[in-house]
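# Chain and residue survey
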Amino acid sequence: MFGNFDFEIIERTWPYLFYVGMAFTIKLTIVAMLGGIMAGTLLAMGRLSHLRVISILAGGYVNLIRSVPLVLVIFWFYFLVPYIGAWLIGSHEPIKVGDYTSALVTFILFEAAYYCEIMRAGIQSVSRGQVYAAYALGMNYWQMMGQVVLPQAFRNMIPLLLTQTIVLFQDVSLVYVLSLTDFVGAADKVAHRDGRLTEMYLFVALVYFVICFTLSTIVKRLQMRVAIVR
Amino acid sequence: MNYHWNWRIFWEDAPDGVSSYFDTLLVGLYWTLATALCAWILALLLGSLVGTLRTTPRPKVVWLGNAYVELFRNIPLLVQMFLWFFVLPELLPPSLGSWLKALPNASFFTAVVCLGFFTSARVAEQTRAGIEALPKGQRLAGTALGLSLPQTYRYVLLPQAFRILLPPLTSEFLNIFKNSAVALVINLPELTSATHTMAENSYAVFEAFSAATLIYAVINVIIVNLMRWVEYRIRVPGLISTSAPGGH
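Heads up: these notes are all about the structure in this document. Counting restarts for each chain, with residues numbered from 1 along the sequence as it is written. Whichever chain is written first becomes A and whichever ligand is written first becomes 1, with later ones labelled in order. Given that the model is predicted, a residue must reach a pLDDT of at least 70 before its local features are reported, and side-chain atom pairs must reach 80 or more before they are shown or counted; all residues, however, enter totals for whole chains, interfaces and linings.

### What to know about the overall build of chain B
Under the convention used in this document: A run of H or I in DSSP counts as a helix once it spans at least four residues, and a run of E counts as a strand once it spans at least two, with each numbered from the N terminus. Whether two residues are in contact depends on their C-beta atoms, placed from the backbone: they are in contact if these lie within 7 Å.
Along the backbone of chain B there are nine helices and zero strands. Its helices and strands in sequence order give chain B the pattern α-α-α-α-α-α-α-α-α, from N to C terminus. Viewed in the frame of its principal axes, chain B has a C-alpha envelope of about 70 × 55 × 30 Å. Considering only residue pairs separated by 6 or more positions, chain B has 75% of its internal contacts joining residues 24 or more positions apart.

And the structure:
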């Protein structure tokens, strides 16, 4: 079946695939994860806020983002970010934004909606008594959240946050629609240059499978350990 | 922001000369609905089957079911689209491969099969969780009544499991509409792809994307309400506590 396949192409191109493509994918995943968890936590605090306006705005944002496809959001921000940038610095013309920055902003804002739902469940998993105790000690809202509730919420939600990050790692492949050189983009460019689509796509699938399967197995173990402690 | 909105753009002629941009989006919506609904039927059938097999007392069958789920969950959907579209015809015998490539609407069938299998792995995971959430006594009681294993599933476990399963299945049903947008990479003219085409041809970028966002949001609202109605219709009073508000 694989008789006339040329798997040596991988041997010839792997520095490009990994040092350029995979490096981009991992960098985008990690930065978007950190940004997404921070923005998501703020959104979750907003959704749970007693101030009606804030909770409605945060809830509306999260529900809107969660009801549209990521590909559409990528297109949205690709065109929108230059205008937002111009608005931020008070310029009259849309500013030029690099593809990487545009993709990064997209992923942070998109994944924030999903991390928000996880963090909301996390905050709600901390018992009310903790909140009352913190206020009784004279803490204000930010001290209560930062020193009492959020550290516990994070610990409870680590497995879910990591699972969402594995999803994010796979979602990064969608920057393909902007012709960026992530892992899939790099493989795709080599595949089209050398006319070796079959070998390259099979290899890409294998690499993703090995990485994601390993990570999800580790997360599963972690989840069991966390469950026993609780 | 000095962007000039032009909402009348939807009634202007698209470059194909016969229809307006509004029609362009409608055709996109048609393909999105067709792809998502066909793929959903496939996903539901395959997913329930695999999910059920993963709860049987046969280790080998369970292992195969687990392998199936892991295979489809750990490869990005985009890469799976490429595999079905570009790679599968090459791995098949030449005559079958070229027949596949020459199929009219090849990207539609590929998208349906790809999305169907991809989502079936998620449905299988939910189905397994739903069956395992039932009290062990249900299975034992079925066996004690002299039912065979298939009968226990058919009359005791599955009818209860599917009622628990409805909320997670609703969210998978919503996901399949969103995921169908990925099929634009194999040139399926679905809604996101049609929107992008309109944006490029008309330069009315934000009008086009706003319209698409609105359409996806409406699909979302319709499905959520539809599934709520289904949940209400098939509930068995007193069997499973409805998700009452309050408590932790």
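Text resumes after the structure shown.
### A short note on the interface of chain B and chain A
This is how the line gets drawn: Each residue receives one of three labels: charged for Asp, Glu, Lys and Arg, nonpolar for Ala, Val, Leu, Ile, Met, Phe, Trp, Tyr, Cys and Pro, and polar for the others, Gly being one of them.
Tallying the contact residues gives 29 residues for chain B and 30 residues for chain A. For the side of chain B that touches chain A, the secondary-structure elements that each account for two or more residues are α3 (77-91), α8 (191-202) and α9 (205-234) of chain B. The element best represented in the side of chain B that touches chain A is α3 of chain B, accounting for eight residues. Across the side of chain B that touches chain A, the residue classes break down as 20 nonpolar, six polar and three charged.

### Quick look at α8 of chain B
This is how it is decided: Given a helix with a known number of residues, its expected span is that number minus one, times 1.5 Å. Here the C-beta atoms are placed from the backbone, and a residue counts as buried if at least 20 other C-beta atoms lie within 10 Å of its own, exposed if 12 or fewer do, and partly exposed otherwise.
With twelve residues, α8 of chain B extends 16 Å between its outermost C-alpha atoms, agreeing within 8% with the 16 Å of an ideal straight helix rising 1.5 Å per residue. Of the positions making up α8 of chain B, those classed as buried are L191, T192, S193, A194, T195, H196 and M198 of chain B. The inward-facing, buried residues of α8 of chain B contact α3 (70-89) of chain A together with α1 (21-53) and α9 of chain B. Just downstream of α8 of chain B lies Y203 of chain B, where phi reads positive at about 65°.

### Observations regarding helix α6 (residues 141-171) of chain A
Residues and elements named next belong to chain A. The following threshold applies: Fitting axes to the seven residues that end at a residue and to the seven that start at it, the angle between those axes gives the bend at that residue.
Along its 31 residues, α6 runs just 35 Å from first to last C-alpha, ending more than 12% under the 45 Å computed at 1.5 Å per residue. Largest kink in α6: about 60°, centred on M157, with the proline P159 one to four residues after it. Along α6, the residues classified as buried are V149, A153, M157, L161, Q164, T165, L168, F169, Q170 and D171.

### Comments concerning the packing of α8 of chain B against α9 of chain B
Residues and elements named next belong to chain B. Applied cut-off: In this analysis, axes come from line fits to C-alpha atoms, helices being fitted only over the stretch in contact, and the angle between any two N-to-C directions falls in the range 0 to 180 degrees. In this scheme, roughly parallel covers angles under 35 degrees and roughly antiparallel covers those over 145, while 65 to 115 is roughly perpendicular and the rest are oblique. A crossing counts as left-handed when the near helix is turned anticlockwise from the far one by less than a right angle, and as right-handed when that turn is clockwise.
Running from amino to carboxyl end, α8 crosses α9 at an angle of 165°, the nearest separation of the two axes being 8 Å. By the angle between their axes, α8 is roughly antiparallel relative to α9. Both α8 and α9 take part in a crossing whose hand is right-handed. Between α8 and α9, the residues in contact are L191, T192, T195, M198, A199 and S202 and V205, A208, F209, A212 and I215, respectively. Tallied by class, residues from the contact of α8 with α9 come to eight nonpolar, three polar and no charged.

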